[in-house]
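Architecture and fold: a report
Listed below, chain by chain, are the residues.
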Amino acid sequence: MTAIEIVNLTHTFNVGSPFERTALKDINFAIDKGEFVGIIGHTGSGKSTLIQMFNSLIIPTKGKVLINGVDINGEGVNKKEIRQNVGLVFQYPEHQLFELTIFKDVAYGPINLGLSEQEVEDRVVKSLRAVGLAEDLWQAAPFQLSGGQKRRVAIAGVIAMNPGILVLDEPTAGLDPKGRDELFQQLKSMHKELGITVVLISHSMEDVAKYVEKLIVLHKGSLKYMGTPREIFKNVEELESIGLAPPQIKYIVKALRENGFMIDEDILTVDEAANRIMGFLKAREV
Ligand code: ADP
């Protein structure tokens, strides 16, 4: 089943004015239900514009956005329902925490849906657990939390709406490498546990190489590649030419191969490289 289908999508801002700007040009792709997908591309390539079209915050100039097979900009479509089903987490979402306690903040959305007290509580508990926030922090005030913890709370607030699709704009921006790793691992396990489709924008090639199943590469508003990170990161020179640096390990593998260590060219992560190098050394000893 397809979760998101993008058909001949073009978007131009400020049509007919001197500030006219085409942000997306004739894009086509599909994301299946339950996939974990990354979107990468240089600044200005159209990533933010694209994800805001997934729940009709921006309406395409041309083309269609289908969510679970429904054209979300078609006549008679309930936008509220669409926005509930496609949860969007903006950059630095923790800036929007405003309630006195973490629990209340996450409860805000479900309360507005008119759910019963018990249902609200169930959703808050499920969401805070899904983002891995320790229970002793649930009654704390947002300002008592670290940056990474606050971000988890903000993500929990979106999950509490029970979306089938979760879309995040650079969820790890501004976090240190440890915080980035922890959040990615949490998103991965949440994705598995809740079975939701996750689409995220990232600037970290290392992280997407490690965590996502499929990558969409945008370049100047066009779809440049779509495939597994292993397929995409083979195009080292092409990626560099569009301002993206493949994971560092690709360069180390290349240098090793040039020096007679014939390990696989499609190695993607440091762990994989370590395994293959050890294997290569052992084979040479025999
Ligand atoms: P990215 O997220 O990849 O950095 P954006 O989607 O933000 O890219 O921007 C794509 C292009 O659209 C850029 O040239 C940007 O200047 C332009 N753009 C984005 N938002 C607007 C807007 N509200 N009005 C006019 N132009 C915009």
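Look up a bit, the structure's there.
Before going into details, it helps to say that this report is about the structure given with it. (Residues numbered from 1 in each chain as written. Predicted model: local features only at pLDDT ≥ 70, side-chain atom pairs only at ≥ 80, totals over all residues. Heavy atoms only, no water.)

1. So, the overall build of the chain
Looking only at helices and strands, the chain features eleven helices and ten strands. Here the C-alpha radius of gyration of the chain, 21 Å, is about what a compact globule of 286 residues would show, namely 19 Å. If you line up the chain on its principal axes, its C-alpha atoms span 70 × 55 × 35 Å. As displayed, the chain offers around 14,400 Å² of accessible surface, 51% of which is attributable to carbon and sulfur atoms. For the chain, the separation between the mean place of its 32 positive charges and that of its 37 negative charges on side chains is 3 Å. (Helix = DSSP H or I, 4+ residues; strand = E, 2+ residues; numbered from the N terminus. Rg over C-alpha atoms; globule rule 2.2 N^0.38 Å. Areas by Shrake-Rupley, 256 points an atom, 1.4 Å probe, with all protein chains shown as cover. Lys, Arg positive; Asp, Glu negative; His and termini not counted. Charge placed at Lys NZ, Arg CZ, Asp CG, Glu CD.)

2. Quick look at the pattern of salt bridges
Per the stated rule, a full pass over the model turns up nine salt bridges. K254 is paired through a salt bridge with E258; the nearest N and O atoms lie 4.0 Å apart. Here K254 and its partner E258 are both found in helix α10 (residues 248-258), four residues apart, which amounts to about one turn of the helix. By relative accessible area, K254 is classed as partly exposed at 42%. A salt bridge links D264 to R276; the nearest nitrogen and oxygen atoms lie 2.5 Å apart. Residue D264 is located in the loop between α10 and α11 (270-285), and its partner R276 is located in helix α11; the two are separated by twelve residues in the primary sequence. On the basis of relative accessible area, D264 is assigned to the partly exposed category, the value being 40%. A relative accessible area of 31% places R276 in the partly exposed class. (Salt bridge = Lys/Arg side-chain N within 4 Å of Asp/Glu carboxyl O. Buried < 20%, exposed > 50% of the residue type's maximum accessible area, 1.4 Å probe, protein only.)

3. Some thoughts on the packing of helix α5 (residues 147-159) against helix α6 (residues 177-194)
It is the contact of α5 with α6, at a shortest axis distance of 12 Å, that shows an interaxial angle of 20°. For the element pair α5 / α6, the angle class is roughly parallel. Note that α5 runs across α6; the crossing there is right-handed. Across the interface between the two elements, R151, R152, I155 and I159 from α5 touch E182, L183, Q186, M190 and L194 from α6. For the contact of α5 with α6, the class distribution of residues is five nonpolar, one polar and three charged. (Axes fitted to C-alpha atoms, helices over the stretch in contact; angles between N-to-C directions. Parallel < 35°, antiparallel > 145°, perpendicular 65-115°, else oblique. Left-handed = near helix turned anticlockwise from the far one by under 90°. Contact = heavy atoms within 4.5 Å. Nonpolar A, V, L, I, M, F, W, Y, C, P; charged D, E, K, R; others polar.)

4. Considerations on the environment of K224
Along the chain, K224 falls in strand β10 (residues 222-227). Not counting residues within four places of it along the chain, the set of residues in contact with K224 comprises V217, L218, H219 and I242.

5. A closer look at the site of the ligand
In the vicinity of the ligand, the contacting residues are F13, N14, R21, A23, H42, T43, G44, S45, G46, K47, S48 and T49. With respect to the ligand, the side chain of S48 contributes an N or O atom lying 2.8 Å from an oxygen atom. A distance of 2.5 Å separates an oxygen atom of the ligand from a polar side-chain atom of T49. When the free accessible area of the ligand is taken as 560 Å², the share hidden by the protein chains comes to 65%. Only β2 (21-32) and α1 (47-53) provide two or more residues apiece to the shell around the ligand. When residues in the shell around the ligand are grouped by element, the largest group, three residues, is from α1. Taken together, the residues of the shell around the ligand sort by class into two nonpolar, eight polar and two charged. (Near = heavy atom within 4 Å. Polar contact = N/O pair within 3.5 Å; in protein donor to acceptor, adjacent residues only side chain to side chain.)

6. Digging into the sheet that holds strand β4 (residues 62-67)
Across the sheet, four strands lie side by side as β2-β1-β4-β5; this open sheet has antiparallel pairing. Looking at strand neighbours, the two that pair on one side only are β2 and β5 (70-71), the edges of this open sheet. The sheet contact formed by β4 and β5 spans two bridges and is antiparallel. When the sheet's bridge partners are listed, L66 is paired in β5 with D71. (Pairing = 2+ DSSP bridges.)

7. Some thoughts on α10
By the burial criterion, the buried members of α10 are I249, K250 and V253. Along the axis of α10, the buried residues cluster in a sector spanning 105°; they form a single face. Exposed residues on α10 whose side chains face more than 90 degrees from its buried face are Q248 and E258. Residues of α10 that are buried make contact with α11. (Arc of directions from axis to C-beta.)

8. A look at the layout of surface pockets
Counted as a void, the largest pocket has a volume near 730 Å³. As for the largest pocket, its lining consists of 26 residues, and the residues nearest its centre are L88, Q96, G157, V158 and M161. The set of elements that each furnish at least two residues to the lining of the largest pocket consists of α2 (79-85), β6 (86-89), α3 (102-112) and α5. Of the residues that constitute the lining of the largest pocket, the class distribution is 15 nonpolar, seven polar and four charged. (1 Å grid on protein atoms, 1.4 Å probe; cavity = no way out; pocket = protein on both sides within 12 Å on 5 of 7 lines; lining within 4 Å. Points joined across faces, edges and corners; volume = space filled by probe spheres on them.)

Such coordinate-based values are descriptive only and should not be taken to indicate function.
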